[in-house]
Amino acid sequence: MNKKHVFALGLMSGTSLDGVDVAYVKFHENNYSDFEILFADTISYSKEWKQLLQNAIRFSKKELEDLDITYGKYLGKIVNNFITNYKVGPIDFIASHGHTILHEPEKGITLQIGSGKQIATITNQKVVCDFRTQDVKLGGQGAPLVPIGDELLFSEYDYCINLGGFANVSFKKGAQRIAYDICPVNIVLNFYVHKLGLDYDDAGKIAASGKINKQLLERLNALSFYEKIPPKSLGLEWVQKEIFPLIDMYEKDVANILRTFAEHVALQIGKIIKNNEAVLFTGGGVFNTFLMSEIEKYANIKITLKSNLLINYKEALIFALLGLLKIDNQVNCLQSVTGAQKNHSSGVVFTP
């Protein structure tokens, strides 16, 4: 590796299917909190890729194996284009989260596609991937994985909250880092706004125009997941089983659905960070200004946002860190976060 500094590419694809986030990051090898995101970009999915990834939950084992290879080749091409477009300098390794297709840890199941072998072959770079499987085998949730990054890179904050497909939180409780999924966010909001032919609700304007369905709100807030003690995590399967049928039973108007669900999200997040302004908010949901104002209301705080670079690419940055920790054989999965049998160094390394 390069003297004093390590250079890595972090790849992330979230459940909201915005695209593939790529971040080229420089870490000081003796002090990881001394980092810089040098270049970053989001490569949007084509309509075909979006449909493939949305439907893959119903694929057969053979179809998933084929998709793993095809998607790995796709990621490899994305990386090569990124390197060319940004004239990227030295690379010590690529760390790829892949795209989650299946996540039911209580059944011992988690699957992130995006063959590391294919990425390594196409890019001619060392690749670290498949960060969740080992944790699930050790009895953990396999999620969330970002909290080790919160611990090492953002320790000045009392809470780190990411608003993506799901909202998740990470915080220190005594000597332990605690983290868990709070509730769905964009995976639900975007699903219903798609019915209007839009990719997302710009700044939450449609939600702001709707009315709260109080019955629906009560039923959402009463879901048993919210009573569970962490560690706990959510997946698309849970949303399809618990959230969509509930919403469809009580409300048909999209604006009202968005308004009610934004209220639900704000309430769930607000009670966790009540009266505390030392909160780092990241993820695409941060740009939903209506949702953020509702969170401020329920938390009774004023939210100060960081740079767009950090808001958009924190997860890609932290997966680069997870890759670095794996290569150095250091802990990158915390028992206190995932519920695994022990702290461990997770991920699989492929060389070209």
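Before reading further, recall that the structure is shown in the block above.
Along every chain, residues carry numbers that run from 1 in the direction the sequence is written. Given that the model is predicted, a residue must reach a pLDDT of at least 70 before its local features are reported, and side-chain atom pairs must reach 80 or more before they are shown or counted; all residues, however, enter totals for whole chains, interfaces and linings. To obtain the side-chain values, all non-hydrogen atoms of the structure were used and water was disregarded.

Chemist: Mind laying out the overall build of the protein, listing which residues take part and the relevant values?
Modeler: Strands are runs of DSSP state E lasting at least 2 residues, helices are runs of H or I lasting at least 4, and numbering of each runs from the N terminus. Helix and strand counts for the protein stand at 13 helices and 11 strands. Here the C-alpha atoms of the protein give a radius of gyration of 19 Å, agreeing with the 20 Å that 2.2 N^0.38 yields for 352 residues. In terms of its C-alpha atoms, the protein occupies a principal-axis envelope of roughly 55 × 45 × 40 Å. Looking at the protein as a whole, 57% of its 352 residues qualify as buried. Contacts are assigned to residue pairs with any non-hydrogen atoms lying within 4.5 Å of each other. The contacts in the protein between residues at least 6 apart in sequence include a share of 70% that link residues at least 24 apart. Here, Shrake-Rupley sampling with a 1.4 Å probe gives the accessible areas, and only protein chains in the shown set may cover a residue. Accessible area for the protein stands at about 15400 Å²; split by element, carbon and sulfur atoms hold 49% of it. For this count, His and the chain ends are skipped, Lys and Arg are scored as positive, and Asp and Glu as negative. Every charge is mapped onto a representative atom, which is NZ of Lys, CZ of Arg, CG of Asp or CD of Glu. Side chains of the protein carry 37 positive and 37 negative charges; the gap between the two charge centres is 2 Å. With the radius of gyration taken over C-alpha atoms, the globule rule is written as 2.2 Å times the number of residues to the power 0.38. A 1.4 Å probe rolled over the protein chains alone gives each residue an accessible area, and that area as a share of the maximum for its type sets the label: buried under 20%, exposed over 50%, partly exposed in between.

Chemist: So what about the pairing of strand S4 (residues 93-104)? Which residues, and what values?
Modeler: Consecutive side chains along a regular strand alternate between the two faces of the sheet. Counting buried positions along S4 yields 11 of 12 residues, so the element is predominantly enclosed. At least two bridges found by DSSP between two strands are what make those strands a pair. Here strand S1 (residues 5-13) pairs with S4 via 5 bridges, running parallel. Bridging across to S4, Gly 10 finds its partner in Ala 95. In this structure, S4 lies alongside strand S6 (residues 127-129), joined through 2 bridges in parallel fashion.

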